[in-house]
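Read off the chains here:
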Amino acid sequence: MSTIMKRMSALLIALVIALVGLGATAAYADTSKYAKSLELTGLSSGETVQVYKLMSYGSDYNTYTYDNTTTDGKTSFKAYLEAAATADSKSSDDYLAGLTGDELSAFLGTYLYGTDTYAKPTPTETAVIGTTASLTLEPGYYLISVKTTGTESNVYKPFSAFVKMNGESSAIKAGAGDWGTATVAMKSTNGPTIEKTVKRDNGTDMTSAWKSTKTVAVGETATYRVKLTVPDWQAGTTPRLELEDALVNQQYNGDIALYSAQGDAGSDWMPSTRIESAISEKAIGAYANGKQEVSFSIDYSKLTGGQTYYITYSAKVMSDITGTSSTGDMKATNTAKVVYSTSDATTSSTTESKTTLYTYSAKLTKKDMDNQLLPGSGFTVYSDEACTQAIKFEKVTNVDGSWYYRAKDTGDVTEIQADGDEASLLIKGLDPYKDYYFKETTTPKGYYAPSNAFKLDLDSQMKDGDATEHSGTLSGASSVTALDTASDGKLVSGNVDNDAANQFDIVIKNSSTPSLPTTGGMGTLLFTVAGLALMVIAAAVYFARRRKSN
């Protein structure tokens, strides 16, 4: 009857604790009179407390044994302890009892988190409700850790608890507390954090070195920097740290490196103290269909807990950034996170950090002076005002039949033309911090060619509320002008497209060759005079014959 009442009391206590939000009580099949309660505070709701029982008393409570769980050839805690004790010429009990606080943390931390070579007993798990969790521990020796959530990303230091038999009573000691400790205030540090940025090294952007956005052209290389802050993990812990990155419309260049923040003082510029072999390629996926996934292993043993580091690498902007239709949102994204683990069963990750590269387009339309569409023109695009450095292009035809040109180093054309009776052509993959000069190199028959080239000035619109970040659209300051304003000034006009705000529309006109006046012929006057003369002669002959006959 006494046992039944105890069970009912334990169940009632667990129910009350759950209702008031103090936490969930770990369930044990038989709770003895020697069991002790332990409350953990300072946790976050949704986390999980994991309790590993490393030592168990026998049924007589006079002897105890260390856990001897072995799986897949891994070393048990019993073997791990005996090896360390033997190396120190002590018994297992004496060795464990003689460890100081830091030594014990390192010893247990290495066992729990250090490597994958140690087998562990199945932990009893207790869900955290609110900010606390309550445990009921039978006599024995325990290792207690906390599995955090991806949202919180806390890093807790594990601790040990010992419920010791003393005659007909038991006592508990947990963490760094004294005997009789029934509450442990959990201490944690934030998990790793990252901030991904891209280097501004084009145009006036250089004044705002590292930001989350940048403008680019097809074929350029973007340099990235990940600011990584690592926590000061438990002594003896060797956490697994991996940087994962999902690249869209760009391809990794294979130049990963990790730097110390020393000498950088958190500034925007590139740090210079490289830590060799601190980061390495783990998996580099193939670039296909505009996407590539890469991951890198970070060696925590080469880092110092609580410090900030910088990871740099670069990627080439691929032609896929121009999309698969004649309009649309043309950009390349780069989304990174750090995945970390301090146990076999727990994996967490940082919040993703993202950068975006924007590129822009220009649409050329040819018209006559009466504003009628005029097919048959061809243009060459140059990167210099002297029009000596022609840009190469490739022509892309979409599945819907639409088409466009995009710049490409290995492009096969320099003169771009509209198809058949069409009078417009689209160019994609342009960077507003580059100069572009359009020159009409093929003119429809019967029309004058402009005397010189036209300069295109694109201007990227910045975000509302943050004048240092690009929005992905063009501003009204974008313009197109004639280099020879006297002759060609009235032939060109342009504006940002109303429907595709990342596109600039240009109209270039041609005047037709004039209808010249022709020289005069004999006209009708000569024939009139001749006719009158014949009439006079005929009249004279008539009157002469009449006189003769009279």
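In what follows, the structure referred to is the one given above.
Residues numbered from 1 in each chain as written. Predicted model: local features only at pLDDT ≥ 70, side-chain atom pairs only at ≥ 80, totals over all residues. Heavy atoms only, no water.

A.B. asks: Is there a simple way to explain the overall build of the protein chain in this structure?
C.D. replies: Within the protein chain, the secondary structure is distributed over six helices and 38 strands. Per-residue burial over the protein chain gives 44% buried out of 550 residues. Sequence separation of at least 24 residues holds for 70% of the intrachain contacts in the protein chain that already meet a minimum separation of 6. When the accessible surface of the protein chain is summed, it comes to about 27600 Å², and 50% of that surface belongs to carbon and sulfur atoms. (Helix = DSSP H or I, 4+ residues; strand = E, 2+ residues; numbered from the N terminus. Buried < 20%, exposed > 50% of the residue type's maximum accessible area, 1.4 Å probe, protein only. Contact = heavy atoms within 4.5 Å. Areas by Shrake-Rupley, 256 points an atom, 1.4 Å probe, with all protein chains shown as cover.)

A.B. asks: In this structure, what is going on with unusual backbone geometry? I would like to understand it.
C.D. replies: Leaving glycine out, the prevailing phi sign among residues is negative, and the prevailing peptide bond configuration is trans. Positive phi, normally seen in glycine, also occurs at Asp 72, with a value near 55°. Take Asp 72: it is sitting in the loop between strand E3 (64-66) and helix H2 (77-87). In this structure Asp 72 comes out as exposed when scored by relative accessible area, which is 77%. With a phi close to 55°, Asn 289 is a non-glycine residue in the positive phi region. By the element assignment, Asn 289 lies in the loop between strand E20 (279-284) and strand E21 (291-298). Exposure remark for Asn 289: the relative accessible area of 78% places this residue in the exposed category.

A.B. asks: Whenever I open this one, the pattern of salt bridges confuses me. Can you help?
C.D. replies: Across all of its chains, the model carries 14 salt bridges by this definition. The residue Glu 168 makes a salt bridge to Lys 33 at a minimum N-O spacing of 3.8 Å. One end of the pair, Glu 168, is in the loop between strand E8 (159-166) and strand E9 (169-174); the other, Lys 33, is in the loop between helix H1 (2-19) and strand E1 (36-41), and 135 residues separate them in sequence. Comparing Glu 168 with Lys 33 shows no difference in burial state: the two are exposed. Notably, a salt bridge pairs Asp 245 with Lys 196, separated by 3.1 Å at the nearest N-O pair. Placement of the pair is Asp 245 in strand E16 (residues 240-248) and Lys 196 in strand E12 (residues 193-199), with a sequence separation of 49 residues. Under the relative-accessibility criterion, Asp 245 is labelled buried at 2%. According to the relative accessible area criterion, Lys 196 is buried, its value standing at 2%. (Salt bridge = Lys/Arg side-chain N within 4 Å of Asp/Glu carboxyl O.)

A.B. asks: Looking at this structure, I do not really get the environment of Asp 412. What am I missing?
C.D. replies: Its location among the elements puts Asp 412 in the loop between strand E29 (403-407) and strand E30 (415-417). Spatially, the C-alpha atom of Asp 412 lies 6.6 Å from that of Lys 392, the residues being 20 residues apart in sequence. Beyond its immediate chain neighbours, meaning those up to four positions away, Asp 412 contacts Phe 393 and Glu 394.

A.B. asks: Would you mind going over the nonpolar core with me for this structure?
C.D. replies: One recurring pattern in soluble globular proteins is that nonpolar side chains are buried together. With 36 residues, the main nonpolar core has Leu 241, Leu 243, Leu 258, Ile 298, Ile 311, Tyr 313 and Leu 357 as its most contacted residues. Elements represented by at least two residues in this core include exactly E12, strand E15 (221-229), E16, E21, strand E22 (308-317) and strand E23 (331-341). Setting aside its immediate chain neighbours within four residues, Ile 311 contacts Tyr 224, Arg 225, Val 226, Leu 228, Leu 243, Ile 256, Ala 257, Leu 258, Ile 279 and Ile 298. Counting residues in hydrophobic clusters, the runner-up holds 30 residues, among them Val 381, Tyr 405, Leu 425 and Leu 458. (Core = buried A, V, L, I, M, F, W, Y, C linked by side-chain atoms within 4.5 Å.)

A.B. asks: Before we go on, may I ask you to explain the sheet that holds strand E10 (residues 183-185) in this structure?
C.D. replies: Neighbouring strands of a sheet are bound in pairs by backbone hydrogen bonds; such pairs are parallel or else antiparallel. One open sheet accounts for three strands, arranged E5-E1-E10; its pairing is mixed. The sheet is open, and its two edges are formed by strand E5 (133-137) and E10, each paired on a single side. The sheet shows a mean angle of 20° between the axes of neighbouring strands, taken without regard to direction. Across five bridges, the pairing between E1 and E5 is antiparallel. Among the inter-strand pairings, Leu 40 is bridged to a residue of E5, identified as Ala 133. (Pairing = 2+ DSSP bridges. Axes fitted to C-alpha atoms, helices over the stretch in contact; angles between N-to-C directions.)

A.B. asks: I tried to follow the sheet that holds strand E36 (residues 479-482) on my own but got confused; where do I start?
C.D. replies: Spatially, E30-E27-E32-E33-E36 is the arrangement adopted by the five strands of the open sheet, whose pairing is antiparallel. Where the open sheet ends on each side, the last strands, each with one partner, are E30 and E36. Across the sheet, the axes of successive neighbouring strands diverge by a mean angle of 30°, strand direction being ignored.

A.B. asks: Where do I start with the packing of aromatic side chains in this structure?
C.D. replies: Given two aromatic rings, their pairing is described by the distance between the two centres and the angle made by the two planes. Under the criterion given, the structure shown has 21 aromatic pairs. Where Tyr 80 meets Tyr 111, the ring centres are 5.8 Å apart and the plane angle is 25°; that geometry is what we call stacked. With Tyr 80 in helix H2 and Tyr 111 in helix H4 (residues 101-114), the pair connects residues that are 31 residues apart, well separated along the chain. Accessibility assignment for this pair places Tyr 80 and Tyr 111 in one class, buried. With a centroid separation of 6.1 Å and an interplanar angle of 70°, the aromatic rings of Tyr 252 and Tyr 313 are classed as edge-to-face. On the criterion of sequence distance, the pair formed by Tyr 252 in strand E17 (residues 250-252) and Tyr 313 in strand E22 is long-range, its members being 61 residues apart. For the residue pair Tyr 252 and Tyr 313, the accessibility class agrees, reading buried in each case. (Phe/Tyr/Trp six-rings, centres within 6.5 Å; stacked < 30°, edge-to-face > 60°.)

A.B. asks: How should I be thinking about the side chain of Thr 380 in this particular structure?
C.D. replies: Within the secondary structure, Thr 380 is located in strand E27 (residues 378-382). A distance of 3.1 Å separates a polar atom in the side chain of Thr 380 from a polar atom in the side chain of Thr 441. (Polar contact = N/O pair within 3.5 Å; in protein donor to acceptor, adjacent residues only side chain to side chain.)

A.B. asks: How should I be thinking about the pairing of strand E2 (residues 48-57) in this particular structure?
C.D. replies: Along any regular strand, the residues point their side chains to alternate faces of the sheet. In terms of residue burial, E2 counts as a mostly covered element, since eight of its 10 residues are buried. Of the strand pairs in this sheet, E2 and strand E6 (residues 140-147) are connected by eight bridges, and their pairing is antiparallel. Bridge pairing links Tyr 52 to Leu 143 in E6. Where E2 meets strand E4 (residues 124-127), four bridges bridge the pair, whose relative direction is antiparallel. Residue Thr 48 lies in a different strand from E4, and its bridge partner there is Ala 127.

A.B. asks: I'm lost on the side chain of Asp 505 in this one. Help?
C.D. replies: Tracing the sequence through the fold places Asp 505 in strand E38 (residues 503-510). For Asp 505, which is buried and forms no salt bridge, the nearest opposite charge comes from Lys 363, at a distance of 5.6 Å. Of the polar contacts made by the side chain of Asp 505, one reaches the side chain of Gln 503; its length is 2.9 Å. (Lys, Arg positive; Asp, Glu negative; His and termini not counted.)

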